[in-house]
Amino acid sequence: MLVILGFAMIAVFMVLIMTKKLTPVLALIIVPTVFGLFAGAGLGIGDMVMDSMKSMTSTAALLMFAIIYFGLMIDVGLFDPLVKFILRKLGNDPAKVVLGTAILAAAVSLDGDGSTTFILTTAAMLPVYLRLKMSPVVLTCVAGLANGTMNILPWGGPTARAATALKIDVNDVFVPMIPSLVAGLVVVLAFSWLLGLQERNRLRATAPEIWGVPDTAAEFDGGTSAGASGTGAGRKGGAPGVAAPAVDRPLGGAGVAVLERTEALVDDHDSAMADTALDPNRSTLRPKLFWFNLALTVAVMVVLVANVVPLPFVFMVGAAIALLVNFPKVKDQGAQLIAHAPSIVAVVSMVMAAAVLTGVLKGTGMVEAMSAWLVQIIPTSMGPFMAVITGVLSIPMTFFMSNDAFYFGVLPVLSETAAHYGVGAADMARASITGQPFHLQSPLVPAILLLVSLAKVDLGDHHKKVLWRTAVISLVMLGVGMLTGAIGIG
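Quick caveat, the model's predicted, so the values are computed rather than measured.

### Brief notes about the overall build of the chain
Phase 1 of the analysis: Assigned secondary structure in the chain consists of 24 helices and zero strands.
Phase 2 of the analysis: Long-range pairs, those at least 24 residues apart, make up 77% of the contacts in the chain with a sequence separation of at least 6.
Phase 3 of the analysis: Approximately 20300 Å² of the chain is accessible, and the part contributed by carbon and sulfur atoms is 68%.

### Here's the deal with the side chain of R430
Phase 1 of the analysis: Relative to the assigned elements, R430 resides in helix α21 (residues 425-432).
Phase 2 of the analysis: Other than its neighbours up to four places away in sequence, R430 contacts D172, V173, P176, M177, A486 and I487.

### So, the nonpolar core
Phase 1 of the analysis: Ranked by internal contacts, the top residues of the largest apolar core, which has 140 residues, are Y69, M73, F315 and M428.
Phase 2 of the analysis: At 12 residues, the largest contribution of residues to this core is made by helix α4 (residues 57-76).

### Focus: unusual backbone geometry
Phase 1 of the analysis: Although it is not a glycine, K133 sits at a positive phi angle of roughly 60°.
Phase 2 of the analysis: Its location among the elements puts K133 in the loop between α7 (114-131) and α8 (136-150).
Phase 3 of the analysis: Although it is not a glycine, K456 adopts a positive phi angle of roughly 55°.

### Notes on the environment of A447
Phase 1 of the analysis: Summarising the element assignment, A447 is placed in helix α23 (residues 446-454).
Phase 2 of the analysis: We classify A447 as buried; its relative accessible area is 9%.
Phase 3 of the analysis: When near neighbours in sequence (up to four residues on either side) are disregarded, A447 contacts G114, S115 and F118.

### Some words on the packing of helix α6 (residues 94-108) against α7
Phase 1 of the analysis: Here α6 crosses α7 at 160°, and the two axes come no closer than 9 Å. Here α7 runs roughly antiparallel to α6, going by the angle between their axes. α6 and α7 meet at a crossing whose hand is right-handed. Between α6 and α7, the contacting residues are V97, V98, T101, L104, A105 and V108 on the first element and T116, T117, L120, T121, A124, M125, V128 and Y129 on the second.
Phase 2 of the analysis: Residues belonging to the contact of α6 with α7 are distributed by class as follows: 10 nonpolar, four polar and no charged.

### Observations concerning a nonpolar patch on the surface
Phase 1 of the analysis: On the surface, a nonpolar cluster with roughly 550 Å² of combined accessible area is contributed by F292, F313, M316, V317, I321, L324 and V325.
Phase 2 of the analysis: Tallying contributions element by element places helix α15 (residues 311-326) first for the nonpolar patch, with six residues.
Phase 3 of the analysis: With respect to the secondary-structure elements, L324 resides in helix α15.

### Topic: the packing of α7 against α8
Phase 1 of the analysis: Orientation of α7 relative to α8, taken along the N-to-C sense of each, is 150°, at an axis distance of 10 Å. The way α7 lies across α8 gives a crossing that is right-handed. Every residue of α8 that contacts α7 at G114, T117, F118, T121, T122, M125, L126 and Y129 is listed here: P136, V138, L139, A143, G144 and N147.
Phase 2 of the analysis: When grouped by side-chain class, the residues that make up the contact of α7 with α8 number eight nonpolar, six polar and no charged.

### Some thoughts on the pattern of salt bridges
Phase 1 of the analysis: Within the structure shown, the criterion is met by four salt bridges.
Phase 2 of the analysis: Note that R202 is salt-bridged to E199, the shortest N-O span being 2.9 Å. Taken together, the residues R202 and E199, both in helix α11 (residues 178-206) and three residues apart, mark about one turn of the helix.
Phase 3 of the analysis: In this structure E199 comes out as buried when scored by relative accessible area, which is 5%.
Phase 4 of the analysis: When the shortest N-O distance is used, the salt bridge between D427 and R430 registers 4.0 Å.

### Comments concerning the confidence of the model for the chain
Phase 1 of the analysis: Looking at the chain, the pLDDT average stands at 77 and 81% of residues meet or exceed 70.
Phase 2 of the analysis: This model gives residues 213-278 a pLDDT under 50, and the stretch forms 108 contacts once residues within four places in sequence are excluded.

### Focus on helix α2 (residues 24-38)
Phase 1 of the analysis: In this model α2 runs 21 Å from its N-terminal to its C-terminal C-alpha over 15 residues, within 8% of the 21 Å that 1.5 Å per residue would give.
Phase 2 of the analysis: Buried within α2 are the following residues: P24, A27, L28, V31, P32, F35 and G36. Around the axis of α2, the buried residues are gathered within 130° of arc, so they sit on the same side.
Phase 3 of the analysis: Remark: G40 follows α2 within two positions and exhibits a positive phi of approximately 90°.

### Considering the packing of aromatic side chains
Geometry of an aromatic ring pair is reported as the spacing of the ring centres plus the angle between the planes.
Phase 1 of the analysis: Taken as a whole and judged by the stated rule, the model has four aromatic pairs.
Phase 2 of the analysis: With centroids separated by 5.5 Å and ring planes inclined at 80°, the aromatic side chains of F191 and W468 adopt a geometry described as edge-to-face. Taken as a pair, F191 in helix α11 and W468 in helix α24 (residues 459-484) lie far apart in primary sequence, 277 residues in all.
Phase 3 of the analysis: Using a relative accessible area of 11% as the deciding quantity, one classes F191 as buried.
Phase 4 of the analysis: Given the relative accessible area of 46%, W468 is considered partly exposed.
Phase 5 of the analysis: Ring centres of F290 and W291 lie 5.1 Å apart, and the angle between their planes is 80°; on these two criteria the pair is classed as edge-to-face.
Phase 6 of the analysis: For F290, a relative accessible area of 22% puts it in the partly exposed group.
Phase 7 of the analysis: Its end group placed over the ring of F191, R469 keeps NZ or CZ at 5.7 Å from the ring centre.

The rules behind each value
Residues numbered from 1 in each chain as written. Predicted model: local features only at pLDDT ≥ 70, side-chain atom pairs only at ≥ 80, totals over all residues. Heavy atoms only, no water. Helix = DSSP H or I, 4+ residues; strand = E, 2+ residues; numbered from the N terminus. Contact = heavy atoms within 4.5 Å. Areas by Shrake-Rupley, 256 points an atom, 1.4 Å probe, with all protein chains shown as cover. Core = buried A, V, L, I, M, F, W, Y, C linked by side-chain atoms within 4.5 Å. Buried < 20%, exposed > 50% of the residue type's maximum accessible area, 1.4 Å probe, protein only. Axes fitted to C-alpha atoms, helices over the stretch in contact; angles between N-to-C directions. Parallel < 35°, antiparallel > 145°, perpendicular 65-115°, else oblique. Left-handed = near helix turned anticlockwise from the far one by under 90°. Nonpolar A, V, L, I, M, F, W, Y, C, P; charged D, E, K, R; others polar. Patch = residues over 30% accessible without salt bridge, like charges linked within 9 Å, V, L, I, M, F, W, Y side chains within 5 Å. Salt bridge = Lys/Arg side-chain N within 4 Å of Asp/Glu carboxyl O. pLDDT = per-residue confidence, 0-100. Expected span 1.5 Å × (residues − 1). Arc of directions from axis to C-beta. Phe/Tyr/Trp six-rings, centres within 6.5 Å; stacked < 30°, edge-to-face > 60°. Lys NZ or Arg CZ within 6 Å of the ring centre and 35° of its normal.

What follows is the structure, given as structure tokens:
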């Protein structure tokens, strides 16, 4: 019964948020409560949730003050030069922008912290997306793909957990999986390029007066096209009186026009964080404090990577110093806190609500029952393929439960079973980490809640675009691991 209730609860939750029948916060609270009562939790459900919530408070504090800190840095103009640099290097072609997003997210993911990756990627790229009228869902999708794939790095957490749980050296787990990691990143870049092409075509179809496409290659040559003249005359699809954009050399023979002045696409009704990043005349700019803010941010990042002080406290102190120096007046300090309150409420409320789901799963015994059931249903004839089975199971199981629950609760049981069929612990550990791209999209992962909140994206919309792609990446990593011998068969 617990197995049925557990899977049914997860299924109902996913359907409700993906069909937008409920917001993620409400679904995280209502659905587990109803199923927990059916599971016989009774009045004890409150204690289950509170026990789970205790472990969430530090995460909520981290996300709250990280949002304040980086939101303030955006307001004062710290990232403005970076945005301009990205625009110069990537141009205004959506395909290049999306590909650049993936490369940036993968590079920042080297620090092993998802929250930091998503904060910096969103801060740098969201203004670009808004300038070009691109969908922020594409940003969250690509960032999620890149960070999830990079999450198998030894210092990312899952690889170390797998090695610890099975009592083997972490290098024995990670090093043979490097080809799988490279293959996963290649797929990420391929997906990113295809998403960028889709965005390019969507913009061309929805705003032809701005993103019109020349009909002949000749119109791209010589710099004397209608776009260069700024009149729109002589170019098919050009609206009278609308300045035609400068055009870039087409890729693959398909013409695409790109904007010469991205400021034309600024939407005054975009989110407060994005508007401040786009407005060069905003009152919160502090150009004279640029080097101080840069030094402070570098210091915060160094302390984060060094992991010598608890991360929530790092951002608390960083936010306090940044507020005090950039906004000495108490009134201005209060205004800054209020300005970022919507983002704070959105992400912290989801973190707290997620405690209901995790509390019910663990407190009612659903997680243990689901794990035991999955182990029992594996036929004996499939024993030699336990590593492959573990890799496939890691995709949904790490999505529905925490990494700690899977690696310390489920993986040892699966590994013990596999040992009877000659499948080594190292093979099991390597296979178990291939589900991480999918895991990172779980609503139980605070970093992904931070990402969708900063980008003002609905979690259901994010899941529609990202889940099947992360499943493909996980399966590719598993397949490459088998081909290279990193994941063996007994």
